[in-house]
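# Working through the structure, step by step
Listed below, chain by chain, are the residues.
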Amino acid sequence: MILRVKDVSVARGGVAVLEGLSFEINPGQALIVKGPNGVGKTTLLRTVAGLQPPFKGAVEAPEEAVAYAAHSDGLKTMLSVEENLRFWADVFGQSDIEEAIQAFDLFDLRNRLAGSLSAGQKRRLGLARLLVTGRPIWVLDEPTVSLDVASVALFADAVRAHLADGGSALLATHIDLGLDVTVLDVGPFRAKQGAAPISGYDEAFL
Amino acid sequence: MKALLFRDLKLAFRAGGGFGLGIAFFLIVVILVPFSVGPESGLLTKIAPGVLWLGALLACLLSLDRILALDWEDGTLDLVATSPLPLEGVVSVKALAHWLTTGVPLVVAAPVFGVLLNLPPQGFVWLVTSLALGTPALSVIGTFGAALTVGIKRGGLLLSLLILPLYVPTLIFGAELARRGAEGQDVATPLLMLAGITFGVIALLPFASALVLRMNLR
């Protein structure tokens, strides 16, 4: 379950944002991606998750190994915490949601509608979803947004347990999680500014 | 897949899910017709199959933009696209859920609304048959339109413009089947055409829907 990114360039809206990125994440390892706003962290993560093809280069990940978590948590406001988790567990063919509820301290909230949760509680539920996917490679975009200190610690524990279990993670975050991991600053890989939009760019039609 | 279907059905029945919206709209359209064309029973009998079909079609259109837009807004679509579910299956299940919550109630309620428009007795069976056979096509074509317009702000109107022309064949043969049934004529040709259209779109369109959805998610 090695995730390999080889000389990848990613494009957003027809304009290359990052060029020549290469890294490798082995089981038990995590990589934190840092860089200023708009540099292309989200685009890179979406590319790694397989939502869009890399503009150049290749992303090598085992089939169906990546669990992606974005800015929005994919929660249904009219379903309860438990129903939301149960749904994602069913989608990923898992049955146990108790571990996820424990890990993110959602026990008291399990019968509340997701729509009635606070932003931080929603985020915790969104992160708990990662545990019910049962997938080894986590690709997380700003996972700690709107979390308080205690919840960040819960999240760091969850990542640590995941890594100890042989999983791996790719995170875009500005917060120090207290994890012993490699940090990659993508700033230097920024595509040449002022470059014209890629000519003949017809991604939308391919 | 089953989880997705049950979740969609559950959401439709919860507050804000929009279940019953289509059928209420259908009822109002059907009630408005005698007001606009006059209460002459002969005329109503004549136009009943066409009006009922048009009403059902518009009622179906009303809920189309909810099929994928809600899942796109809250990020579910991105997450589903990275899950083990194939997108072709996802759009098929979405269309099925839409049909079960919109199409089936229309089919069930149509005979009652037929009474309001003085539909002749022999026409009821064929009205229900035509709607039962035609509404799945409306849902599947509608899901294709929803996939095309996902991510576009205020995409609902654009969706209607794109989809209504695609509904024309279904409407022609569906209304024709209901009309011939009501007048006691031979129904074989429109019946076969309508069935052909429905099974054709069910077999082919999910692939197109999944393809455009994949592009829209980039």
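Residues numbered from 1 in each chain as written. Chains lettered and ligands numbered in written order. Predicted model: local features only at pLDDT ≥ 70, side-chain atom pairs only at ≥ 80, totals over all residues.

### Some points on the overall build of chain A
Tallying secondary structure elements over chain A gives five helices and eight strands in all. Each helix (α) and strand (β) of chain A, taken in turn from the N terminus, gives the series β-β-β-α-β-β-α-α-α-β-α-β-β. Whereas a compact globule of 206 residues would reach a radius of gyration of roughly 17 Å, chain A reaches 18 Å, a difference of no more than 12%. Out of the 206 residues belonging to chain A, those deemed buried represent 40%. Of the contacts made within chain A by residues no fewer than 6 positions apart, 76% connect residues no fewer than 24 positions apart. (Helix = DSSP H or I, 4+ residues; strand = E, 2+ residues; numbered from the N terminus. Rg over C-alpha atoms; globule rule 2.2 N^0.38 Å. Buried ≥ 20, exposed ≤ 12 C-beta atoms within 10 Å, placed from the backbone. Contact = placed C-beta atoms within 7 Å.)

### Side note on the overall build of chain B
Along the backbone of chain B there are nine helices and zero strands. For chain B, the C-alpha radius of gyration of 18 Å lies close to 17 Å, the compact-globule estimate for 218 residues. On the principal axes, the C-alpha backbone points of chain B span a range of 55 × 35 × 30 Å.

### Some remarks on the confidence of the model for chain B
In the predicted model, chain B carries a mean pLDDT of 91, and 100% of its residues have values of at least 70. Reported confidence for the predicted complex is 0.85 by ipTM and 0.89 by pTM. (pLDDT = per-residue confidence, 0-100.)

### Some remarks on the packing of helix α2 (residues 81–91) of chain A against helix α4 (residues 119–133) of chain A
Residue and element names in this part refer to chain A. In the contact formed by α2 and α4, the axes pass within 9 Å of each other and the chain directions differ by 35 degrees. Once α2 is placed against α4, the crossing between them reads as right-handed. Of the residues in α4, those touching α2 at V81, N84, L85, W88 and A89 are L125, A128, R129, V132 and T133. Of the residues assigned to the contact of α2 with α4, the class counts are seven nonpolar, two polar and one charged. (Axes fitted to C-alpha atoms, helices over the stretch in contact; angles between N-to-C directions. Left-handed = near helix turned anticlockwise from the far one by under 90°. Nonpolar A, V, L, I, M, F, W, Y, C, P; charged D, E, K, R; others polar.)

### Side note on the interface of chain B and chain A
With 21 residues of chain B at the contact, the number on the chain A side is 21 residues. Mapped onto the side of chain B that touches chain A, the elements with two or more residues apiece are α1 (2–13), α5 (76–81) and α9 (188–217) of chain B. In terms of residue class, the side of chain B that touches chain A is built from 10 nonpolar, six polar and five charged.

### Here's the deal with unusual backbone geometry
Of note in this structure, D105 of chain A is not a glycine but carries a positive phi near 55 degrees. Among the secondary structure elements, D105 of chain A is positioned in the loop between α3 (98–103) and α4. Residue D105 of chain A is classed as partly exposed on the basis of its 14 C-beta neighbours within 10 Å. A positive phi angle, close to 55 degrees, is found at R154 of chain B, a residue other than glycine. Following the sequence through the fold, R154 of chain B ends up in the loop between α7 (123–149) and α8 (155–183). Given 9 C-beta atoms within 10 Å, R154 of chain B falls into the exposed group.

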